[in-house]
Amino acid sequence: MDDHSGWHEVLVEGWGPLVRAAVVERVERSLVGRRGVLVRALGDRDEARYAWTEEVHRAVLDGIRAETGADLDELGSQAAWSTYEDVWHALAERWAAGGTLGRVPTHLTHKATTIIAALPTSAATAAGADIGVVPAAPLQVAGQVRIDVEGLHAFLAMDPAADTARGLVDDLIAIVEPAS
């Protein structure tokens, strides 16, 4: 599609802080239980694993499509793609310091790491850990271990492995300080 299709008016001229905020919130909701991927992909797009960046990329495209009806893959307009960059930048700002992820006090880092290593893969991922390494590496932001408590609650609510991991998940949540 080109700018004569009407998408320029709908997407680019209608774009603003409220639409961007709605897309950002939609992306964040879609990545509950995958916040480790979100933070790692946003931290350094060049250093992040391709799969992480691609997952966030797809979530941003889906969020823009859901909120505006526009499919950026079909739009060739550079102006339309600037909305994508706007969302990516807003997400990076919100998550640079760890967003809503809970903090593990420094003196409990070893305990958290031990619990994460004992979790099923789906629970470790929901907590924000990088399961692509052995043992699973907890998410760290500015040198502090961070845990996606919301992701763990989603794991407990929806994952078949929740029953066998509930005690470990509860122990991990118990040592996490809420984000400020």
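Just above, that's the structure.
The shown structure was predicted, so the numbers you read here are calculated from the model rather than taken from an experiment.

Quick look at the overall build of the protein chain
So, point 1. Scanning the protein chain from N- to C-terminus turns up nine helices and three strands.
So, point 2. Written out in order from the N terminus, the α and β elements of the protein chain read α-α-α-α-α-β-α-α-β-β-α-α.
So, point 3. Its C-alpha atoms give the protein chain principal-axis dimensions of about 60 × 35 × 30 Å.
So, point 4. Looking at the 180 residues of the protein chain, the share that counts as buried comes to 44%.
So, point 5. Within the protein chain, residue pairs in contact and separated by at least 24 positions form 71% of the contacts whose partners lie at least 6 positions apart.
So, point 6. As displayed, the protein chain has an accessible area near 9000 Å², and 54% of this comes from carbon and sulfur atoms.
So, point 7. Of the charged side chains in the protein chain, 15 are positive and 27 negative, and the gap between their average positions amounts to 7 Å.

What to know about unusual backbone geometry
Comment: phi is negative for the bulk of residues other than glycine, and the bulk of peptide bonds are trans.
So, point 1. Even without glycine at this site, Ala142 takes up a positive phi of about 55°.
So, point 2. With respect to the helices and strands, the residue Ala142 is situated in the loop between β2 (139-141) and β3 (144-147).
So, point 3. With relative accessibility at 84%, the residue Ala142 sits in the exposed group.

Re the environment of Ala174
So, point 1. If you trace the backbone, Ala174 turns up in helix α9 (residues 162-174).
So, point 2. Residue class for Ala174 comes out exposed when judged on its relative accessible area of 65%.
So, point 3. Spatially, the C-alpha atoms of Ala174 and Val104 are 9.7 Å apart, while their sequence positions differ by 70 residues.

Comments concerning the packing of helix α3 (residues 35-43) against helix α5 (residues 78-95)
For any two helices packed against each other, one specifies the crossing angle of their axes together with the interaxial distance.
So, point 1. Relative to each other, α3 and α5 sit at 110°, their axes nearing to 9 Å. It follows from the interaxial angle that α3 and α5 lie roughly perpendicular. Every residue of α5 that contacts α3 at Arg35, Leu38, Val39, Ala41 and Leu42 is listed here: Trp88, Leu91, Ala92 and Trp95.

Structural notes on the nonpolar core
So, point 1. Ranked by internal contacts, the top residues of the largest apolar core, which has 31 residues, are Leu11, Val56, Val60, Ile64, Leu72, Val87 and Leu91.
So, point 2. Listed by contribution, the elements that provide at least two residues to this core are α2 (17-30), α3, α4 (50-68), α5 and β2.
So, point 3. Ranked by residues supplied to this core, first place goes to α5 with seven residues.
So, point 4. The residues touching Val60, leaving out its near neighbours within four places in the chain, are Val23, Val27, Tyr84, Val87, Trp88 and Leu91.
So, point 5. Ranked by size, the runner-up nonpolar core spans 23 residues in total, among them Ala124, Ala126, Ala136 and Ile147.

Examining the pattern of salt bridges
So, point 1. Tallied over the entire structure, the rule returns 12 salt bridges.
So, point 2. Of the charged contacts in the structure, one is a salt bridge between Arg26 and Glu67, with a shortest N-O distance of 2.7 Å. Here Arg26, found in helix α2, pairs with Glu67, found in helix α4; they are 41 residues apart in sequence, far enough to count as distant.
So, point 3. With relative accessibility at 31%, the residue Glu67 sits in the partly exposed group.
So, point 4. Between Asp62 and Arg65 there is a salt bridge, and its shortest N-O distance comes to 2.8 Å.

Side note on the environment of Leu91
So, point 1. Looking at the element boundaries, Leu91 is found in helix α5.
So, point 2. On a C-alpha basis, the gap between Leu91 and Leu38 in space is 8.8 Å, while along the polypeptide they are 53 residues apart.
So, point 3. Beyond its immediate sequence surroundings of up to four residues, Leu91 is in contact with Val24, Val27, Glu28, Leu42 and Val60.

Here is what the cut-offs are and how they apply
- Residues numbered from 1 in each chain as written.
- Predicted model: local features only at pLDDT ≥ 70, side-chain atom pairs only at ≥ 80, totals over all residues.
- Heavy atoms only, no water.
- Helix = DSSP H or I, 4+ residues; strand = E, 2+ residues; numbered from the N terminus.
- Buried < 20%, exposed > 50% of the residue type's maximum accessible area, 1.4 Å probe, protein only.
- Contact = heavy atoms within 4.5 Å.
- Areas by Shrake-Rupley, 256 points an atom, 1.4 Å probe, with all protein chains shown as cover.
- Lys, Arg positive; Asp, Glu negative; His and termini not counted.
- Charge placed at Lys NZ, Arg CZ, Asp CG, Glu CD.
- Axes fitted to C-alpha atoms, helices over the stretch in contact; angles between N-to-C directions.
- Parallel < 35°, antiparallel > 145°, perpendicular 65-115°, else oblique.
- Core = buried A, V, L, I, M, F, W, Y, C linked by side-chain atoms within 4.5 Å.
- Salt bridge = Lys/Arg side-chain N within 4 Å of Asp/Glu carboxyl O.

In short, geometric facts, not functional conclusions.
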